[in-house]
Structure formats: structure tokens, C-alpha cells
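Take a look at the letters that make up each chain.
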Amino acid sequence: MTPLPVTVIGGYLGAGKTSLVNHLLRHADGRRLLVMVNDFGALNIDADLIESRDEDTITLANGCICCGMGTELLYAFGDALDRRPRPDALIIEASGVALPDKIAAVAQAEPEMRYAGIVTLADAAHLAALLADPMIGTQVAAALKTADLVVLTKGDLADPAAARREIARQSAAPVIEALHGRAPVDLLLEPRDDASAHSPAAARCGGDEVVTQTAGPLLRKDRQDRPYSRQCRPRPGAQHDGQSDGQSDGQSGGQHGSPEHVGTDHSRAFAQWSAAGGVVDRAALMALLAAPPPGLFRFKGRLRLVDGGALEVHMVGGLVDCRPLAHLQETRAVAIGLAPLFDARAFERHWQRLRAASLNRAQP
Amino acid sequence: MGKTVVFQARKILTMDPNRPIATHVAVRERRILAVGGPDCAEAWGGAEIDTRFADAVLMPGFVEGHAHLMAGGMWRFPYVGYHDRTDPDGTRWPGLDNIEEVIARLRAADAALAPDQPLYAWGFDPIFLPTERLNKHHLDAVTTERPVVVQHSNFHLLTANSAALALAGYTRETNIHGVAKGADGELNGELQELAAMFPLMRRIGVDFRSLASNPETITNYGKIARRVGVTTCTDLHAELGDADLAVLLARTGAEDFPLRLVPTLGAALMPPDQVAPRASALAARSTEMLRLGAVKLVLDGSIQGYTARLRWPGHINGAPNGLWVIAPEAADRLIHTLHAARVQMHIHTNGDEASEVAIDAIERAIQAHGDWDHRHTLQHGQMIDAAMFRRMARLGICANLFANHIWYFGDVHAAKTIGEDRAVRMDACRSALDEGVRMTIHSDAPVTEMAPLFTAWVAVNRLTGSGRCLGPAQRIAVDEALRAITLGAAYTLKLDGEIGSIETGKRADFAVLGDDPLAVDPARLRDLAVLGTVSGGRVFLT
């Protein structure tokens, strides 16, 4: 059976986890999500989206299911795996002091699950005080440190730049800003199975499609399909290189891939690249993912290999999950990167070199 | 009017100051009608005398204020621990102090198991085995035909054989935190922490949750309790869904079931705003033998696991402070809400910082919503000092101290966790009593074996596993310890009006003892024979 991708949402009380869950449920984009939350009662789902609800489960018209943990976490994982039909993805909302990596570790260990990332929310208004709190500071810091992506919330109530500096002291994870939980779903979850179907070789940056040099028909994607890109508050200065931000600490200086570089405007928050067709060389691909290009956040590929086999590969935040496939019609790959660091055109060039390496190996 | 029976005993320790000692107790309609001599029931029309206990000593049935129903579920699996344990049917399983003995017991269990069943064993504790650490090769020597899984006593680790590792899909190439490897890069069989254990536990089908709703588990819990003189026992963190509740009601209502069960609802298992309504709904379902309505909260972890929340100066080995299971401010809100709804709380606090957070929260809740006879109880409370006990006494907060820790982990605490200065005042029974705190002591079974006389022995002697007395100033007298395991525990469960002493009107619940605990050498209190119990006038001898 298809492995169940698991995303863990961390962050202290009031950081906006519930808002993010609400947002995910509204923008599941065809995915049948199973969302397990701590406080079922705190969810505020529009009545017209709800198909049915009972004491501890809400079924949405879009196929998503939201339920309370209702039991110890491990049993909740077991229940999620036993659910039929199996959901497309499992989202776990961790408690305010939980260590998200301990939860996500289950997804790494369990063969029927797949690690799909830790997203930790941080409240710009309260983060500094929380980190300094002798009682809960270490647990708040741990949730940041283990995150693959930090979503900075309430940037309208406080200075996001100061909060970004606090985060950079705790975590190497990239940071994006989002108000009211409106973070881009494509960053939080694995790409959908058909995410690469729109174009054999097209790279999109936000709403702007970027045509790469690979031949093939192109399908234009309408930028209106990303409603959150209009709901998020653009951060001044986000349109150009984050170096102008004035961050001064030595924490990120000299590192490429500094988290400071990513803006709030989701039309610029991430870029997507996809490709179809061809065969790849496993070793060359692993080498690429082991030293990923700047800004590459997720990679998903169902790939035909040069030696005749096939492979499903997922990468998030530097963690690679690689499993053989019995058979595969056609290679498809998607990469999601954080703007402006991620350069879809450059990634396309990496991909072409990868395929060229395969061809060389196939025809020695 | 029901039949009256007078039980004759060599001696009856009543815990009732009006008549501390007696020889006869008259029972009618499951309750105590009269206490005194052979003629105690004369005024009530007389009665037949039951002489079964003529050579025995009766006490009020013991009350275990902190244990878990899971203790009754573990015995379907073989026990391979270092300490002796008695199973529900009375078989004493000697502690195993070397790996060869562990293998031998597993081989015997393997031979008795159906071919398609995994072999799961529990209670193993490597810190007590000085030899080589248990690994997959030892367990492959048991069998390679079926998965073999040895759960360590703390439930955070297990050791698996090759067949079990294969079942979980773990190989030499596996690179997952908690899947341990030897120096040769091969899996050594040890799986650390829940994540690494999850795939295997799921595939061998060991689910402790299902144990709780199993009638056999409840029956075994009753048997365990009966053997150690317990007539009222908690299950201190229960899900209590409708299906579980139906099984619990049916089983505890059976005429052959010897135990009054007090399950407390795990607050973390539901949204905060649903806890109080659910607790109230459960309270309305209470019966004589199943008492519902109280709630359990867990604030921190364990001291020996370095996950308890400690105040300054923290851990003696420099380990970082422990982990909150619930954020202090969320705990504060929940305590506030539950206190306002008049729901009694049992609050797990091992470290002193966690205890202080709980006391602060209860104090604020009382200021906001008034004092009522709440009897909120700090469970474990192992590092509560005299000043905190004074606050607790003023606020009406009870303590259920983990006395057994002194014997099981006292040496470890002095040497490795909190150091000598605080270890000598751990589980400070003397301070609690001196400061006027209502207190009891517990086993936390299955973490340690349920046996109130053993727990009393620890509180009286404070001997550690190595035989030293850890904190003599915190020892309590035998009569104080006996009160703690009867009326003391009953008070924390709000049952002191019904049980905990032998006096007219209370439930006819007795522990039947082979000797007088006040007469034996206090150093031998733990060896005192328990012959069985009387529960609601029904005799359950072992």
C-alpha cells in the first residue's frame, strides 16, 4: 500500500497552529488529508465545508478528515494507518511543548509511512519572551531547531525581522511569513501525484511560468489558483534580495541558503519546477540531493532508472526517502524551492546534466 | 433485612480511634454492622460466627491510590525482570540476574507458544545485569523461527531478535534514530524510544490500549489486588470510552470480582473543554464497585529518565532540565477550568518545579473559584520539600508519594540524578505528615509491584536496593504507614467516609493478614503474609 506521508506541525501555544490547520483543510487542493489535532473544539471550520461531524471527527466535503488525537500519540498513528481508504497525507498537530522530531521519527521508522517534514510556527510577537522563559524556553527552541520550515506568524503585530534573528539563533531552517496561518500548502505537504502532469518541462516561479529550454507542449497555469498569494501581507523589501534586510549577526553571514532571504509574498515565497520523461542515474541523483542546490526544499520523483529499474524518491529539508517501484510508465519529478534562493532554471540545468550522465552511463 | 455474619479474628486493627482493636466484626448487607467482641451483633439480633479468620489479623482493606490496569494485562506475556514478581494466579516468578536465565525463561515460553505467535516478554532491566548488554544474538538463541521481543521495564526500550527486526523492515542499511547498531555496523537488536519501537509493536500486535478494555485484564487486576490485600484500587490514567466503560461496569459488577476500581480520566486524551463535562458524565455512571469522576493530569516526566522538571540546581550530572508534558500555562488553564467545574484532579508531578507549578495553579484556582472539598492530589510528588508541603496543607492539596522509589531507584537518585542532598528528602513522608498534609504512598504498578505492605515497609525503613537507609529523618512509624495505605489513600479518593477503617456503616472490606503488622519487626513488614481479602463481606482467600 502507498506509504502515508506525515507532516508534523509544531509550535508553542498561540503560534497559530489551529489557524494553519484550518487553512490546510480549506486548501487541500484535492488531497484527502487526515488531520489530527489536540484541541478539536478550537477548530473553526465553515459549516458549508462540513459534510458530517460527530463527537471527535469532522468529515469535509473535499474529502479531508479532521479528528482529535483521542488517545496516546502512537495509537493515533496506528489508527491513521488502519483507516480505509488510506488518506493521501497525515498532518499531526503537536502539542505546544511536544518535540516535533520525536513525533516525526515514527514516520521515518514505519515502512508504511513517509516523513514529509516538520513545520514549526513561531509567533513574532512572543517568540523572544518564550525563548527566554526558564520554564519552556528549551522546548520552544527545540521545536524550532528540529523544523524543516519555520512559519513566522503575527508579523503584523511585531517586528518580524527581530523574530527572524531569534529564529536564526535556534535553527537553520528557512523561514517564511504568513498571517493567520495562510502558509503555502505546497511547502507544507508533499506535491500531489499529478503535480508534474501539467507540463513535461516547465518551471514556475510563483504565479509566473518560466519556460525552460526543454522542448514540449506547455500548459499555462493561472496565477489565480493560489488564493493565498493574495491574502498574505507582502513584506517590504521581500521583492529583492534579502541581503538588504540589514541583518547583521554573524549567524547567517557567509552561509548560502540563509533563511533571511525568503519573503512573505507567496507569489515569491516558493518556486516550482517539474519534468517528465527520460531515465536517470541513481547515484547522480543521490549526489544532487545530498548537496541540494540553494533553496531546494522538496523533491518528489517517480523515476525510471538507467539500469531498467524504477525508484520513488522524496526529499524534504535534506532528508531523502528512497524506495524501489515495481513498474513505472514514465518519469515524473517535481521540485519545490524557496524563493528567491531557488532558481528553477538552474535546477533544470542540474536535471539535464543528470539525464546526460545517465545517457553516458547507458551508452559507455 | 439481610443475614448477619460475624467474622472472628485473632485481632482486628480497625483504624478507628474509638475502638482501635477488636476481635469480631459483624457484617450485614455488605457493610460493617458492629465491631467488638463475640457479642458485638447481639443488639442486632445475633448472628452466626464465621471462624475462618480465627488465626488471622484483619485490617481495613488496603487502598492503592496510584496503579494502572495495565498491571493486569502484562501477565499474558512472560516476565523477565530482575526483581521477583507474583502473577495473578499466585506463581512467584523469581527475578533473573543474568542473561542465560533470561534466555532459559524465554525458551520455555517459546516452547509453550503456538507456532504463529510472536514471543513478547516484559520487565527486563539491563541496569541490574552487570554482564554483556542483551542483544539480538541472545534472542536468536531462543528462536529464529518467530519474532522475539523483550520489553525493558521502563517501556522506552526493547531488544528484538533477527526475525523481529526483519518484521519491522530494519536492516543494516536502516538509518533511523533509535535503531541501534553495534561496532560492526549491524543491528544489535535494541530499539530505543517509541518511534523506533512502533513498527515492530504494531506488527506483533501488542497494543496496551486493548488490554484495558479486556475483561481478562480486569479479572487479573482483581486477582493481583486480592493477593496483596487491596480492596480498592485506582487505574490512574484511563481513556474510559463507552466500550471500555461497558466492560468495566460489567466486570466490576460481577459477584466474583473482589475489587472496587477507581479509574481516573486521562485529561490529555481529549480537548481541554471536554474534560470537565466528560468527567461529570462519568461520575453519574459510578456504581459501588466502579468509582468515576476524577481526572488525571501529567505535567512532567520521570526523574530517572531525566525528564522531570527540576528547580535549581537541576540534575547532578549536568543533564538539561526535563520536559513538560503539557505547557505550564496550559496546565494552569486546565486546572483552573476543572477546579471551577468541581472536578477532582490527580496531578502527576515528579520534579519539584512541576509540583510548584501545580500548587501555584491550584492556589489561583481557589482564589478565583473558592475552596471546596477538592482533595486535588499531587501524584508521585517525589521532590516536594517542607515549604511546599506547608502550602499544600493550607490549600488542602493531598500528596501520594512514590515511596517504592527509595528501594528501587534510591541509589540511582543519590548517585546520578538529583544527588545525595535531595535524595535523602525524596518522597518525604515524614515532612508531609508533620506539615499536616493528607498523604498516601503507592506502587505505580506495573512500574513497581503492587503490594501496600511492601510500600509501607519502604516508607518505614527507607532502605535502598543496596541496603542503605536513604534519609532516616523521613522515615515514618508503622502505624502511620498503615494509615497511609488505608484511610490516607481513601481520603485522596474521597472514599474515606466509606472505606479505610473498620467501623459501623462502612463497607465490609478487609485485608486478611497472617500476622499483626504492629507486632512484627518493622524490618520484616514486607514479609508479612497476606491471606486474601474480604470485599463487601464476600471472602476472597488466595
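What you see is a predicted model; the values in this text were computed from it and never measured.

What counts and what doesn't
- Residues numbered from 1 in each chain as written.
- Chains lettered and ligands numbered in written order.
- Predicted model: local features only at pLDDT ≥ 70, side-chain atom pairs only at ≥ 80, totals over all residues.
- Helix = DSSP H or I, 4+ residues; strand = E, 2+ residues; numbered from the N terminus.
- Buried ≥ 20, exposed ≤ 12 C-beta atoms within 10 Å, placed from the backbone.
- Contact = placed C-beta atoms within 7 Å.
- Pairing = 2+ DSSP bridges.
- Axes fitted to C-alpha atoms, helices over the stretch in contact; angles between N-to-C directions.
- Nonpolar A, V, L, I, M, F, W, Y, C, P; charged D, E, K, R; others polar.

J.: Residue-level account of the overall build of chain A, with values.
T.: What chain A contains, in helices and strands, is 11 helices and 17 strands. Taken over 364 residues, chain A has a buried fraction of 52%. Put simply, 75% of the contacts in chain A that link residues at least 6 apart link residues at least 24 apart.

J.: Go over the overall build of chain B with me, naming the residues and quoting the values.
T.: Counting its regular elements, chain B contains 17 helices and 23 strands. A principal-axis box enclosing the C-alpha atoms of chain B has dimensions of 80 × 55 × 50 Å. Per-residue burial for chain B yields a buried fraction of 55% across its 542 residues. Of all intrachain contacts in chain B linking residues separated by at least 6 positions in sequence, the fraction that spans at least 24 positions is 70%.

J.: Hey, could you go over the sheet that holds strand β2 (residues 33-37) of chain A for me, with residue numbers and the actual values?
T.: Residues and elements named next belong to chain A. Reading across the sheet, the 9 strands line up as β3-β4-β5-β2-β6-β1-β7-β8-β9 and stay open at both edges, with mixed pairing between neighbours. Every other strand in the sheet has two partners, leaving β3 (50-53) and β9 (175-177) as the edge strands with one partner each. The sheet shows a mean angle of 20° between the axes of neighbouring strands, direction not considered. Of the strand pairs in this sheet, β3 and strand β4 (residues 57-60) are connected by 3 bridges, and their pairing is antiparallel. Looking across to β4, one finds that Ser52 is bridged to Thr59.

J.: Can you explain the environment of His126 of chain A? Please cite residues and give values.
T.: Residue and element names in this part refer to chain A. Tracing the chain through its elements places His126 in the loop between β7 (113-123) and α4 (127-132). Of the residues examined, His126 has 19 C-beta atoms within 10 Å and is grouped as partly exposed. Along the primary structure His126 and Ala158 are separated by 32 residues, whereas in three dimensions their C-alpha atoms are 8.5 Å apart.

J.: Before we move on, can you summarise helix α16 (residues 452-461) of chain B with the specific residues and values?
T.: All names here are of chain B. In terms of burial, α16 is largely enclosed, as 10 of its 10 residues are buried. Taken together, the buried positions of α16 are Pro452, Leu453, Phe454, Thr455, Ala456, Trp457, Val458, Ala459, Val460 and Asn461. Positive backbone phi, approximately 50°, marks Arg462, located one or two places after α16.

J.: Lay out the interface of chain B and chain A in plain terms, naming residues and giving numbers.
T.: Across the contact, 27 residues belong to chain B and 25 residues belong to chain A. Of all the secondary structure elements, the ones that give two or more residues to the side of chain B that touches chain A are α5 (193-204), α9 (272-283) and α10 (328-340) of chain B. Tallying contributions element by element places α5 of chain B first for the side of chain B that touches chain A, with 6 residues. Of the residues that constitute the side of chain B that touches chain A, the class distribution is 17 nonpolar, 5 polar and 5 charged.

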